[in-house]
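Take a look at the letters that make up each chain.
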Amino acid sequence: MSNERVLEDFERLSLYGFLLTAKMARDMSDKDILKMELDQLKKEVNTPRTAVSATAPELISYVEAQSGEDPLVKGVPEDKNPFKEKGGCIIT
């Protein structure tokens, strides 16, 4: 499974998770909501599935390979930190 495939799957799942917002559900009839769900399930039934036991090692190796460039893991140098305080607060 390629990195692009992992990202595509994540985006697809994220999109489906947020598809029915409260406003959309309130404005739609039950029949419309069920039709949307059926359409989504028809798309998903053709999606190739892979066991987690097969994809987990690949995902772990990808994360470990990228961790050297991850600012959350190695930190951000002070001179490149856009959130560095420019000055302190002085209370008199």
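So, how was this worked out
- Residues numbered from 1 in each chain as written.
- Predicted model: local features only at pLDDT ≥ 70, side-chain atom pairs only at ≥ 80, totals over all residues.
- Heavy atoms only, no water.
- Helix = DSSP H or I, 4+ residues; strand = E, 2+ residues; numbered from the N terminus.
- Buried < 20%, exposed > 50% of the residue type's maximum accessible area, 1.4 Å probe, protein only.
- Salt bridge = Lys/Arg side-chain N within 4 Å of Asp/Glu carboxyl O.
- Polar contact = N/O pair within 3.5 Å; in protein donor to acceptor, adjacent residues only side chain to side chain.
- Expected span 1.5 Å × (residues − 1).
- Arc of directions from axis to C-beta.
- pLDDT = per-residue confidence, 0-100.

Section: the overall build of the protein chain
- A tally of helices and strands in the protein chain yields five helices and zero strands.
- By the burial criterion, 7% of the 92 residues in the protein chain qualify as buried.

What to know about the pattern of salt bridges
- Under the criterion given, the structure shown has one salt bridge.
- Measuring nitrogen to oxygen at the nearest pair gives 3.2 Å for the salt bridge that ties Asp-39 to Lys-35. Placement of both Asp-39 and Lys-35 in helix α3 (residues 30–45) is noted, with a separation of four residues, approximately one turn of the helix.

A word on the side chain of Thr-47
- Tracing the sequence through the fold places Thr-47 in the loop between α3 and α4 (52–66).
- Looking at Thr-47, its side chain comes within polar contact range of the main-chain oxygen of Lys-43, at 3.4 Å.

Comments concerning α3
- Here α3 spans 22 Å end to end across 16 residues, near enough to the 22 Å set by a 1.5 Å rise per residue.
- Where α3 is concerned, the buried positions are Ile-33, Gln-40 and Glu-44. End-on view of α3: buried residues confined to an arc of 40°, all on one side of the axis. Of the residues in α3, the exposed ones pointing more than 90 degrees away from the buried face are Lys-31, Leu-34, Lys-35, Lys-42 and Val-45.

Thoughts on the confidence of the model for the protein chain
- Mean pLDDT over the protein chain stands at 78; residues scoring 70 or higher make up 72%.
- The weakest mean pLDDT in the protein chain belongs to helix α1 (residues 3–19) at 61; the strongest belongs to α4 at 92.

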